[in-house]
Amino acid sequence: MLVAELVRLLEQRYPPEWAEDWDRVGFVLGEPDATVTRVLLAVDCDPAVVDEAARAGAQFVFTHHPLLLRGVSSVAPTTYKGRIVHRMIRSGIALFTAHTNGDVARPGVSDALAATLGLREVHPLRPDPRAPERGHGRIGRLPEPMTLAQFGRHAAAKLPGAAASVRVAGDPAARVETVAVSGGAGDAFLADATRAGVDAYLTADLRHHPAQEHLANGGPALVDVTHWASERPWLDDVAAFLRAEAGVQTIVSDVDTSPWVLLEDNHS
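Cut-offs used in this document
Position numbers for residues start from 1 in each chain and track the written sequence from start to end. Only residues with pLDDT of at least 70 get local features here, since the model is predicted, and only at 80 or more are side-chain atom pairs given and counted; chain-wide, interface and lining totals rely on the full set of residues. Where side-chain values are given, they derive from all heavy atoms of the structure, hydrogens and water being excluded. Axis definition: a line fitted to C-alpha atoms, limited for helices to the stretch in contact. Angles are taken between N-to-C directions and run from 0 to 180 degrees. Secondary structure elements follow DSSP: runs of H or I of four or more residues count as helices, runs of E of two or more count as strands, with numbering from the N terminus. Any angle that is under 35 degrees is reported as roughly parallel, and any over 145 degrees as roughly antiparallel; angles of 65 to 115 degrees are reported as roughly perpendicular and all others as oblique. By definition, turning the near helix anticlockwise from the far helix through less than a right angle yields a left-handed crossing, and turning it clockwise yields a right-handed one. Contacts are assigned to residue pairs that have any heavy atoms within 4.5 Å of one another. Throughout, the ten residues Ala, Val, Leu, Ile, Met, Phe, Trp, Tyr, Cys and Pro are labelled nonpolar, Asp, Glu, Lys and Arg are labelled charged, and all others, Gly among them, are labelled polar. When DSSP finds at least two bridges between two strands, those strands are taken to pair. Lining residues are defined by having an atom within 4 Å of a point belonging to a cavity or pocket. Those points lie on a 1 Å grid over the protein atoms alone, cavities being sets where a 1.4 Å probe fits but cannot get out and pockets being open sets with protein on both sides within 12 Å along at least five of seven lines. Grid points are joined across faces, edges and corners, and a volume is the space filled by probe spheres set on the points.

1. A few points about the packing of helix α1 (residues 3-13) against helix α9 (residues 227-246)
- For the pair α1 and α9, interaxial distance at closest approach is 12 Å and the crossing angle is 125°. When the axis of α1 is compared with that of α9, the two are oblique. In terms of crossing hand, the pair formed by α1 and α9 is right-handed. On the side of α1, the interface is formed by L6, L9, L10 and R13, while α9 contributes F241, L242, E245 and A246.
- The class makeup of the residues in the contact of α1 with α9 is six nonpolar, no polar and two charged.

Structure (structure tokens):
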């Protein structure tokens, strides 16, 4: 398949017009007439991911996060993003991004997150008024109720790279059966989770004051995971789609691009 054909296929599944106005999605770089036999999928386009793609012989990289989200005046190789762009061009690697258009798609980012957690009867947390079957976030039901503490441990066990980084806010003994989820930074949907009447809301990058006020106003318990862990499950779904529809080989990157690390206990 040619790069241009693969771009068209991906844009049919994740139309650019579904993206937020501020977002930058779609075809970023590469030769449209180049042949693609192997695609690497990753949350971020960072140097480690590009190295992995080059080692694997991938001609196309699909990422969730845009490399060029904010405007740049230069892609000189003396800059962080410029070095990535130059490396990809030299290696003959194309780049495509589906960000907020992947968030609202169905199946999309939060569908994969809900499935990883075992949620059932899944539907959008904030439906798109133009197409209520899709939208931001998802709401679902656990097969069996758990306490909040148990649900936090369940999330740590199920999500990739998350075992050391799950935080919960609320009564650890509280009953959790209905759950809202949103892949990526989910502050914007705290009020939606409250209106939905769910028992817990799992997302990433929650901040101190919004979380504090949310709980003080009677909102559901919170489970905070890393941004990467909440979005990585979706890549498996996209990879399966590309294998079935494009006939290409796929590699899903497990390079954890979260900048946060857990310090080991050191009593010396």
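2. Notes on the sheet that holds strand β5 (residues 120-128)
- Ordered in space as β5-β6-β8-β9-β10-β7, the six strands form an open sheet in which the pairing is mixed. Whereas interior strands pair on both sides, the edge strands pair on one side only; in this sheet they are β5 and β7 (167-169). Each strand of the sheet is rotated relative to its neighbour by a mean of 30°, with strand direction disregarded.
- In the packing of helix α6 (residues 148-158) onto the sheet, the strands contacted are β6 (131-147), β7, β8 (175-185), β9 (200-204) and β10 (221-225), and the crossing angle to β6 comes to about 115°.
- Packing against the sheet, α9 makes contact with β8, β9 and β10, and its axis sits at approximately 90° to β8.

3. Comments concerning the layout of surface pockets
- Its boundaries defined by the atoms lining it, the second largest pocket holds a volume of some 300 Å³.
- Around the second largest pocket sit D44, C45, D46, H65, P66, L67, L69, R70, Y80, K81, H99 and H227, which together line it.
- By residue class, the composition of the lining of the second largest pocket is five nonpolar, three polar and four charged.

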